[in-house]
Amino acid sequence: MNYPSELKYTKDDEWLKVEGDTGVVGITDYAQNALGDIVFVELPKVGAEVIAGKPFGTVESVKAVSPPSTRSWRMPRKRSTRTPTAPG
């Protein structure tokens, strides 16, 4: 499995990539393999409050629904309109 060193990881198989004052959030290869095909991702609205340790969205797969959470408090400034087909 691929675990790039520039990413910060949680115990819940999520990662954060910091790019200046922006963070990109994702799930590890392990989580992707465990979930199987992802069919839906729900993200917070721009400007919504995101609280450390609390779920901020939903990742649904053919096997499960998983709420990603964050370790730091932030307000989303923008949302990506694309969902990557591969990590990174």
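Rules of the game
Residues numbered from 1 in each chain as written. Predicted model: local features only at pLDDT ≥ 70, side-chain atom pairs only at ≥ 80, totals over all residues. Heavy atoms only, no water. Pairing = 2+ DSSP bridges. Helix = DSSP H or I, 4+ residues; strand = E, 2+ residues; numbered from the N terminus. Patch = residues over 30% accessible without salt bridge, like charges linked within 9 Å, V, L, I, M, F, W, Y side chains within 5 Å. Areas by Shrake-Rupley, 256 points an atom, 1.4 Å probe, with all protein chains shown as cover. Salt bridge = Lys/Arg side-chain N within 4 Å of Asp/Glu carboxyl O. Buried < 20%, exposed > 50% of the residue type's maximum accessible area, 1.4 Å probe, protein only.

1. Observations regarding the sheet that holds strand β1 (residues 8-9)
- Across the sheet, which stays open at both edges, the 3 strands sit in the order β1-β2-β3 with antiparallel pairing between neighbours. In the strand order of this sheet, the two ends are held by β1 and β3 (22-27), each with one partner.
- Of the pairings in the sheet, the one linking β1 to strand β2 (residues 14-19) comprises 2 bridges and is antiparallel in character. Residue pairing across strands places Lys8 opposite Leu16, the latter belonging to β2.

2. Some thoughts on a nonpolar patch on the surface
- Residues Met1, Tyr3, Tyr9 and Tyr30 make up a contiguous nonpolar surface patch of roughly 460 Å² in combined accessible area.
- Structurally, Tyr3 can be placed in the segment before β1.

3. Details of the pattern of salt bridges
- Under the criterion given, the structure shown has 1 salt bridge.
- The partner of Glu19 in a salt bridge is Lys17, with the nearest N and O atoms 3.6 Å apart.
- Classification of Lys17 as partly exposed rests on a relative accessible area of 26%.

4. Here's the deal with the pairing of strand β5 (residues 58-61)
- Pairing geometry for strand β4 (residues 38-42) and β5, over 4 bridges, is antiparallel. The residue bridging Phe40 from the neighbouring strand is Glu60, located in β5.

5. As for unusual backbone geometry
- The backbone of Asp13 shows a phi angle near 65°, a positive value even though the residue is not glycine.
- Mapped onto the fold, Asp13 is located in the loop between β1 and β2.
- Judged by relative accessible area, Asp13 falls into the partly exposed class, the value being 25%.

6. A short note on the pairing of β3
- Pairing of β2 with β3, which is carried by 6 bridges, proceeds in the antiparallel orientation. Counterpart to Val18 in the pairing with β3 is Gly23.
- Linking β2 to β3, which pair antiparallel, is a turn of 2 residues; within it Gly20 sits at a positive phi near 70°.

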